[in-house]
Amino acid sequence: MENKSNIRIGFSDFSKKLYADNKSKILEELNASENDWNNPKWQLKNRISDVGEILKYVNLPEEEIETIKKVSDKYRFAITPYYFSLIDFNNPKCPIKLQSIPDIKELDEGGLLDPMNEKDSNPSGKITRRYPNKLIINVTNACPMYCRHCQRRRLIGNFDKNTSKEYIDESIDFIKDHNTIREVLVTGGDSLLLSNNRLENLFNRLSNIEHVEVIRVGTRTLATLPFRIDDELAILLRKYRVQLSTQFNHACEITPEAVKAIDTLVDHGILVRNQMVLLHNVNDNKYCVQKTNEELHKYRVIPYYLFHPKDVKSTKHFYVDISKGLEIMKHLEGRTSGMCKPTYVYNSPGGLGKVPLVPVENIEFTENGYKFTTWENKTIIRDYK
């Protein structure tokens, strides 16, 4: 029977054993220590980025080997040893595998390279601006792991590259010259792959702009490279009151290592919010979304957005119909805490902004008032007074 208890979580005995076994294989193969494993620089240096490296740890069918070779020739992949260790290769629908290992469906050319039209929303430097009061600065194309559903896969290229000082300067000058901007999101790529020194320089410059009230960073390191999060980084974020937006898409990504990273941030007073992407076969299941957000809530992360998947080129296999997302949101009503309910949003094509999506059958306008339907399908009628 389908229910929450069947959803794999990162703290289950199965997940812990899987992680320990895979980790042991990698450490032995690389002649590495526990200290190496916990070092984010070691993790990045030893990312798994070709099928030959995968085959050191697991046997794959010849067809899958050829698929990975063919797809990775066109679309780069890289996976930290940590995130790779969470993959259950015995399960073809393992949510970790689906998000990280190239799939033959990526050769379907459907979709758009830049569905959000970030190119034409770039007034200066490396800015994306869709709203009058907030904008994005893209500081790097690098990520610990390149998600197969990435909305910016067009920027990944073949090499990791941080945004130049010239572009950063142009971006800062633009923000200074536009006093309607109160919020800046520093993202990429993954913004936390910048060094602490580079981050501090950027945060300091932004915080000295009087009309900038909120600085946020976008990062998936909590899920893919939790060892990047330490006291030094948390103190830096706290110093500039930086808020953090992350992305956990499945409860099995919320591991003891990830929670240690979360605790480090939250214990230093950093606000952490999650932006889940709804993905076919990964999490397009009402019990999965419920369980993932309840796990986040348990560990003091705010479930903020449930993003409808974007029409990104070569990611059509992750597409979910909006009716499915609305069904999931309807299920959450009354079955979980209000703190565990994200806002379901659709990013309008062409950079026209987010549209909240909510089930509409909960309220009906009548001749004399309103008719409400509760989560138990009970009816309440309220007349105009």
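Q: Talk me through helix α5 (residues 62–74); I want residue IDs and the actual numbers.
A: A rise of 1.5 Å per residue sets the reference length of α5, with its 13 residues, at 18 Å; its end C-alpha atoms lie 19 Å apart and thus fit the reference within 8%. Within the sequence span of α5, burial applies to Glu 64, Ile 65, Thr 67, Ile 68 and Val 71. Axial view of α5: buried residues confined to an arc of 160°, hence all on one face. Opposite its buried face, α5 presents the exposed residues Glu 62, Glu 63 and Asp 73, each directed more than 90 degrees away. Structurally, α5 contributes buried residues whose contacts are with α4 (51–54) and α7 (95–100).

Q: Go over the environment of Lys 105, please, and point to the residues and values.
A: Secondary-structure assignment places Lys 105 in the loop between α7 and β1 (127–128). The exposure class assigned to Lys 105 is partly exposed, which follows from its relative accessible area of 46%. Here the alpha-carbon distance between Lys 105 and Ala 251, two residues 146 residues apart in the chain, equals 25 Å. Beyond its immediate stretch of four places on either side in the chain, Lys 105 contacts Ser 314 and His 317.

Q: An account of the packing of aromatic side chains is needed here, citing residue identities and associated values.
A: This model, assessed by the stated rule, comprises 10 aromatic pairs. Taken together, a centroid distance of 5.5 Å and an interplanar angle of 50° make the contact between Phe 84 and Phe 89 tilted. Just as Phe 84 is buried, Phe 89 falls in that class too. Aromatic side chains Phe 203 and Tyr 240 sit 6.1 Å apart centroid to centroid with 50° between the ring planes, which places their arrangement in the tilted category. Residue Phe 203 is found in helix α9 (residues 196–207), and its partner Tyr 240 is found in the loop between α11 (231–239) and β5 (243–246); the two are separated by 37 residues along the sequence. The pair formed by Phe 203 and Tyr 240 is uniform in burial state, with each residue classed as buried.

Q: Kindly report on unusual backbone geometry, identifying the contributing residues and their values.
A: Along the chain, Gly 188 connects to Gly 189 via a cis peptide bond; the corresponding omega equals 25°. By secondary structure assignment, the location of Gly 189 is in the loop between β3 (183–187) and α9. Look at Asn 31: it is not a glycine, yet its phi comes out positive at around 50°.

Q: Just give me the short version of the sheet that holds strand β2 (residues 134–138), but keep the residues and values in it.
A: With mixed pairing, nine strands are arranged side by side in an open sheet as β1-β2-β3-β4-β5-β6-β7-β8-β9. With partners counted over all chains shown, the strands left at the sheet margins are β1 and β9 (353–356), one partner each. Across two bridges, the pairing between β1 and β2 is antiparallel. For Ile 127, the partnering residue across the bridge sits in β2 and is Ile 137. Set on the sheet, helix α8 (residues 165–176) makes contact with β1, β2 and β3; between it and β2 the angle comes to about 170°.

Q: Can you explain helix α1 (residues 13–30)? Please cite residues and give values.
A: Given 3.6 residues to a turn, an α-helix orients residues that are three or four positions apart in the same direction. For α1, spanning 18 residues, the distance from its first C-alpha to its last is 26 Å, which sits close to the expected 26 Å at 1.5 Å a residue. Regarding α1, the residues found buried are Ser 15, Leu 18, Tyr 19, Asn 22, Lys 23, Ile 26 and Leu 27. One face of α1 carries all of its buried residues, which in axial projection span an arc of 155°. Exposed and oriented more than 90 degrees from the buried face of α1 are Asp 13, Lys 17 and Glu 28. The elements touched by buried residues of α1 are α2 (34–37), α3 (40–45), α6 (81–84) and α12 (256–267). Among the residues trailing α1, Asn 31 stands out with phi positive, at a value near 50°.

Q: Describe the side chain of Asn 249, and please don't skip the residues or the numbers.
A: Residue placement: Asn 249 occurs in the loop between β5 and α12. Under the relative-accessibility criterion, Asn 249 is labelled buried at 0%. Here the side chain of Asn 249 touches Val 277 through a polar contact of 2.9 Å, landing on its backbone nitrogen. Filtering out sequence-adjacent residues up to four positions away, Asn 249 remains in contact with Gln 99, His 149, Arg 220, Gln 275, Met 276, Val 277, Leu 279, Asn 283 and Thr 292.

Q: Could you give an account of the nonpolar core, naming the residues involved and the relevant values?
A: In this structure, Ile 54, Ile 175, Phe 203 and Leu 206 are the most contacted members of the largest nonpolar core, which totals 74 residues. It is α12 that provides the largest number of residues to this core, a total of six residues. Counting residues in each nonpolar core, the second largest holds 10 residues, with Val 289, Leu 306, Met 329 and Leu 332 among its members.

Q: Can you explain the pattern of salt bridges? Please cite residues and give values.
A: Scanning all chains against the criterion turns up 28 salt bridges. Close ionic contact of Asp 160 with Arg 47 constitutes a salt bridge, the shortest N to O distance being 2.7 Å. Placement of Asp 160 in the loop between β2 and α8 and of Arg 47 in the loop between α3 and α4 is noted, with a sequence separation of 113 residues between them. Assessed through its relative accessible area of 36%, Asp 160 is described here as partly exposed. Since its relative accessible area comes to 13%, Arg 47 is described here as buried.

Q: Would you mind going over the layout of surface pockets in detail, with residue names and values included?
A: Looking at the largest pocket, its volume works out to about 1000 Å³. The set of elements that each furnish at least two residues to the lining of the largest pocket consists of β2, β3, β4 (214–218), β5, β6 (272–277) and β7 (302–307). Broken down by class, the residue content of the lining of the largest pocket amounts to 20 nonpolar, 17 polar and 12 charged.

Q: I'd like a rundown of a negative patch on the surface, residues and numbers included.
A: A cluster of acidic side chains, namely Glu 166, Glu 170, Asp 173 and Asp 177, defines a negative patch on the protein surface. The residue Asp 173 is located in helix α8 in this model.

Q: Describe the environment of Ala 251, and please don't skip the residues or the numbers.
A: Considering the arrangement of structural elements, one finds Ala 251 in the loop between β5 and α12. Once the C-alpha coordinates of Ala 251 and Tyr 57 are considered, the two residues, 194 residues apart in sequence, prove to be 24 Å apart. Not counting chain neighbours up to four residues away, the residues in contact with Ala 251 comprise Ile 7, Arg 8, Ile 9, Gly 10, Lys 291, Thr 292 and Glu 295.

Conventions adopted
Residues numbered from 1 in each chain as written. Predicted model: local features only at pLDDT ≥ 70, side-chain atom pairs only at ≥ 80, totals over all residues. Heavy atoms only, no water. Helix = DSSP H or I, 4+ residues; strand = E, 2+ residues; numbered from the N terminus. Expected span 1.5 Å × (residues − 1). Buried < 20%, exposed > 50% of the residue type's maximum accessible area, 1.4 Å probe, protein only. Arc of directions from axis to C-beta. Contact = heavy atoms within 4.5 Å. Phe/Tyr/Trp six-rings, centres within 6.5 Å; stacked < 30°, edge-to-face > 60°. Pairing = 2+ DSSP bridges. Axes fitted to C-alpha atoms, helices over the stretch in contact; angles between N-to-C directions. Polar contact = N/O pair within 3.5 Å; in protein donor to acceptor, adjacent residues only side chain to side chain. Core = buried A, V, L, I, M, F, W, Y, C linked by side-chain atoms within 4.5 Å. Salt bridge = Lys/Arg side-chain N within 4 Å of Asp/Glu carboxyl O. 1 Å grid on protein atoms, 1.4 Å probe; cavity = no way out; pocket = protein on both sides within 12 Å on 5 of 7 lines; lining within 4 Å. Points joined across faces, edges and corners; volume = space filled by probe spheres on them. Nonpolar A, V, L, I, M, F, W, Y, C, P; charged D, E, K, R; others polar. Patch = residues over 30% accessible without salt bridge, like charges linked within 9 Å, V, L, I, M, F, W, Y side chains within 5 Å. Areas by Shrake-Rupley, 256 points an atom, 1.4 Å probe, with all protein chains shown as cover. Lys, Arg positive; Asp, Glu negative; His and termini not counted. Charge placed at Lys NZ, Arg CZ, Asp CG, Glu CD.

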